[in-house]
Amino acid sequence: MTSSPHASASNAARSTIAGSDDAQMVRQQLRDADRLHHVHPFTDHSALQQNGGAFIAERGEGSMLVGEGNIRLLDAMAGLGCVNVGYGRKEMALAAADAMQNLAYYHSFQATTNPHAAALAERIAKAAPGALNHVFFANSGSEANESILKLVRAYWRAKGQPNRQHIIARDYAYHGSTLFTTSLNGLPPMHEAFGLPLSGVSHIDAPYWYRQGGDLDPDTYGKKAAQSLKDKITELGADQVAAFIAEPIQVTSGVIMPPESYWPEIVAICKQEGILLIADEVVTGFGRTGHWFAQDHYGIEADFMTLAKGLSSGYMPIAAAVISDKVAEMTLQQGGAFQHGFTTSGHPVACAVALKNLDIIAQERLVERAAKMGAVLHGKLNTAIGDHPLVGEVRGMGLLAGIELVRDRKSRSHYPLELGLCSHVANAALMQGVIVRATGNSLVICPPFIITEAEIDMVVAALVTALEQIYGQLQAG
C-alpha cells in the first residue's frame, strides 16, 4: 500500500513546527505539496511553478517574520495591514485555547449567541462613531461588505423604493473579492478575468490629487473630486441610487489621501441626495491612522462601517458589518427573519481572540502609539527619501505610508506599469531584510503598532538602499 501524500505533507508540517533533524527535506516536502495543490490568492501560478514553489513563513516575533532557514524579515506590512499588535502574542493564543475548550463552535442562527460574540458586539458598538450600534459578524472584509450591500437593498425595499439598487464606488477602490465586491473595485485587472463588473455599479473620480489634480491646489481638487459624486447621482437619477461606498483612505492603491476638503463635501452630498454612505474601514479601523477609526479624523458618521483586519490583528478570520440605528430600524426591527448569515458568523473562538486583541490595544495605548510612531516614520521617510529623484510624494497618516514613485518629479510622470518599478524596489528592500508592498506606482508601508524607532530606521535604510540601487540601474540604461 502506498502512503497518502496528504499524510506525508501533514507529517512534514508537524515536523517543521516541532523541529526536524532534516529541515531542508521537510521544507521541500511542504513546498512540493503547496506547489501541486495550494491555489494562492493574487498569485501568478505559472511563475510560482517556474520558481520552484512558495516561500514558507514559519513563525513571527514582534515585528519580525521568520521564514525557512531562519530568514528574519522586518514585516513593515504587518501581514496585509493586519497584525497590529505584533506577532507571537501568547495572550492571544491563550484566549483562543480557553474559548475553544469551553465552546469550540456553535452557530448564531435563530436567536442563539455566545458570551464572546455578545461582548464583542457591544465593544464595537461603544467604540464606533455616531449611531453605528448594530454588528453583524462575518469572516472577511469581502463578506462584510457583501452583507452590507444586501442590507442596503433591504433598507430601500422596506422604505418602498425597491428600484434604488445602484451603488457608486470610486476609481482605485478596493472592497473585496466576492462577485459584487470585486465589481465595486476600481481596479480593471480584477474585472477582466471574470467578466466583471456586474451591472448596477458605477465608478467616479478618486480624490487622488497627486496623480489627477493637475494645476489645482489640493483643497480645490478635493471639492472637484467630490462633485463627481453629485454629477453621477444626477446622471443616474437619485431615485435609482442606493449608496456610495468608499474607504476613508484608499490604502490598497497606494495610500491615496483625500484632501481635507473632500469628505465634508461627500457627506453633504449624501445627505442632500438621500443616499446611504458606507465607510470601508477594513484597513483603517482600530487605530491604524492614530485614531480608533479614520472617520474620527474626518468627522464622518456613515450609515455602515466595514471592519476586519485590525479587529483580531489577523490572529483569527473575523470581520464586522456595523449598521446604524436608522438602517437597523428599517431592516431588522420591522418584523420577519433576517435572511442572511454564515455558518461561522460570531464564531466564539474568533470573537474571544478579537476581544483580547482590543484589550491589548486599549491597555497598551497602541492607538496613541500608532500616532506617535507614525510621526516618527513620516519624519524619517521625508528626511531620507523625500527628495530622491524617484520619489514624487510621501503621504499617509499614523502607521500608514504611501510612497509614489515617478519618472520625473516636476511633471509627476510615471514609468510604465509594465516596467514593474515598484516591484523592483520592493524586491530590493526585501533583499535588505524588510517587507514593503508594491502596488501600481506606489509602495505601501503599514507596520505593526509595536514597531520601534530602531526598526523604523531599518525600514528607512532599506528603502534608501533599494531606491539607490534601482535608480542606478535605470540610469545605466
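Residues numbered from 1 in each chain as written. Predicted model: local features only at pLDDT ≥ 70, side-chain atom pairs only at ≥ 80, totals over all residues. Heavy atoms only, no water.

**Q** Before we go on, may I ask you to explain the packing of aromatic side chains in this structure?
**A** This structure, assessed with the given rule, holds seven aromatic pairs. Ring geometry for F136 versus F342: centroids 6.0 Å apart, planes at 50°, classification tilted. Taken together, the residues F136 in strand β4 (residues 132-138) and F342 in the loop between α14 (325-331) and α15 (348-363) connect sequence positions 206 residues apart. Just above the ring of W209 sits the side chain of R412; from NZ or CZ to the centre is 4.3 Å. The residue whose ring lies beneath R412 is Y210, and the NZ or CZ to ring-centre distance is 5.3 Å. (Phe/Tyr/Trp six-rings, centres within 6.5 Å; stacked < 30°, edge-to-face > 60°. Helix = DSSP H or I, 4+ residues; strand = E, 2+ residues; numbered from the N terminus. Lys NZ or Arg CZ within 6 Å of the ring centre and 35° of its normal.)

**Q** Any chance you could explain the domain arrangement of the protein here in plain terms?
**A** We note that the domain assignment places domain 1 (56-88 + 366-476) and domain 2 (90-364) within the protein. Once you take the C-alpha centre of each, domain 1 and domain 2 turn out to be 26 Å apart. If you look at the interface, domain 1 gives 36 residues, while domain 2 gives 35 residues. A combined buried area of about 2,900 Å² lies between domain 1 and domain 2, and 58% of that area is made up of carbon and sulfur atoms. Looking only at domain 1, the three residues that lose the most surface to domain 2 are V367, M397 and R412, adding up to 25% of its buried area. Seen at the junction of domain 1 and domain 2, the total is one salt bridge. (Domains from an automatic or database assignment. Contact = heavy atoms within 4.5 Å. Buried area = accessible area lost by both parts, 1.4 Å probe. Salt bridge = Lys/Arg side-chain N within 4 Å of Asp/Glu carboxyl O.)

**Q** What exactly am I supposed to notice about the sheet that holds strand β11 (residues 391-396) here?
**A** The strands making up a sheet associate through hydrogen bonds between their backbones, and the pairing can be parallel or antiparallel. Pairing in this open sheet of four strands is antiparallel, and the strands run β11-β12-β15-β14 from one edge to the other. Only two strands of the sheet have a single neighbouring strand rather than two, namely β11 and β14 (437-439). Across this sheet, the average inter-strand angle for adjacent strands is 25°, counted without regard to direction. Where strand β12 (residues 401-405) lies against strand β15 (residues 442-445), four bridges are found, and the strand directions are antiparallel. Note on β15: the bridge partner recorded for I403 is L443. The sheet strands contacting helix α16 (residues 366-385) are β11, β12 and β15, and the helix crosses β11 at an angle near 175°. (Pairing = 2+ DSSP bridges. Axes fitted to C-alpha atoms, helices over the stretch in contact; angles between N-to-C directions.)

**Q** I keep staring at the nonpolar core and nothing clicks. Help me out?
**A** General note: in soluble globular proteins, nonpolar side chains tend to be found buried as a group. Of all hydrophobic cores here, the largest spans 66 residues; its most connected members are L120, L381 and I445. Top contributing element to this core by residue count: α15, with ten residues. For L120, the residues in contact, after removing those within four places along its chain, are F137, L311, I318, C351, A354, L355 and L358. Counting residues in hydrophobic clusters, the runner-up holds 45 residues, among them V83, I204, W263 and A302. (Core = buried A, V, L, I, M, F, W, Y, C linked by side-chain atoms within 4.5 Å. Buried < 20%, exposed > 50% of the residue type's maximum accessible area, 1.4 Å probe, protein only.)

**Q** Please clarify how the layout of surface pockets should be interpreted in this entry.
**A** If a probe the size of a water molecule is rolled over the atoms, the empty space left behind becomes visible. One number sums up the size of the second largest pocket: a volume of about 1,000 Å³. Surrounding the second largest pocket, 37 residues form its lining, F136, L332, F338, Q339 and H340 being those nearest its centre. Counting residues per element, the ones that place at least two in the lining of the second largest pocket are α6 (115-127), β4, α7 (141-158) and α14. Among the residues making up the lining of the second largest pocket, the classes are represented as 19 nonpolar, 15 polar and three charged. (1 Å grid on protein atoms, 1.4 Å probe; cavity = no way out; pocket = protein on both sides within 12 Å on 5 of 7 lines; lining within 4 Å. Points joined across faces, edges and corners; volume = space filled by probe spheres on them. Nonpolar A, V, L, I, M, F, W, Y, C, P; charged D, E, K, R; others polar.)

**Q** Would you explain a nonpolar patch on the surface in this entry?
**A** On the surface, L103, Y105 and Y106 cluster together into a nonpolar patch covering about 260 Å² of accessible area. For L103, the location among the structural elements is in the loop between α5 (90-102) and α6. (Patch = residues over 30% accessible without salt bridge, like charges linked within 9 Å, V, L, I, M, F, W, Y side chains within 5 Å. Areas by Shrake-Rupley, 256 points an atom, 1.4 Å probe, with all protein chains shown as cover.)

**Q** Can you walk me through the side chain of S313 in this structure?
**A** Mapped onto the secondary structure, S313 falls in the loop between β9 (304-307) and β10 (319-324). On the basis of relative accessible area, S313 is assigned to the buried category, the value being 1%. Within polar-contact distance, the side chain of S313 engages the backbone nitrogen of N84 at 3.4 Å. Residues in contact with S313, not counting those within four places in the same chain, are C82, V83, N84, V85 and N357. (Polar contact = N/O pair within 3.5 Å; in protein donor to acceptor, adjacent residues only side chain to side chain.)

**Q** I would appreciate a short explanation of the pattern of salt bridges in the present structure.
**A** Should their charged atoms come close, side chains of opposite charge can pair. On inspection of all chains with the given rule, the structure shows 20 salt bridges. Connected through shared salt-bridge partners, R211, E393, R395 and E404 make up one network.

**Q** Help me understand the sheet that holds strand β2 (residues 64-67) in this model?
**A** Taking strand neighbours across the sheet as the criterion, the four strands line up as β1-β2-β3-β13 in an open arrangement whose pairing is mixed. Edge positions in the sheet fall to β1 (57-61) and β13 (434-435), since each of these pairs with one other strand and no more. Two strands pair when backbone bridges link them, and strand β3 (residues 71-75) and β13 are joined in this way by two bridges, in the parallel orientation. Residue D75 lies in a different strand from β13, and its bridge partner there is I435.

**Q** Would you mind going over unusual backbone geometry with me for this structure?
**A** Excluding glycine, residues mostly have negative phi values, and the peptide bonds linking residues are mostly trans. The omega angle of the peptide bond from L196 to P197 is 10°, so this bond is cis rather than trans. With respect to the helices and strands, P197 occurs in the loop between α9 (188-192) and β6 (201-204). Within the chain, Q110 stands out as a residue other than glycine whose phi angle is a positive 50°. Within the chain, F286 stands out as a residue other than glycine whose phi angle is a positive 70°. If you trace the backbone, F286 turns up in the loop between β8 (276-280) and α13 (294-298).

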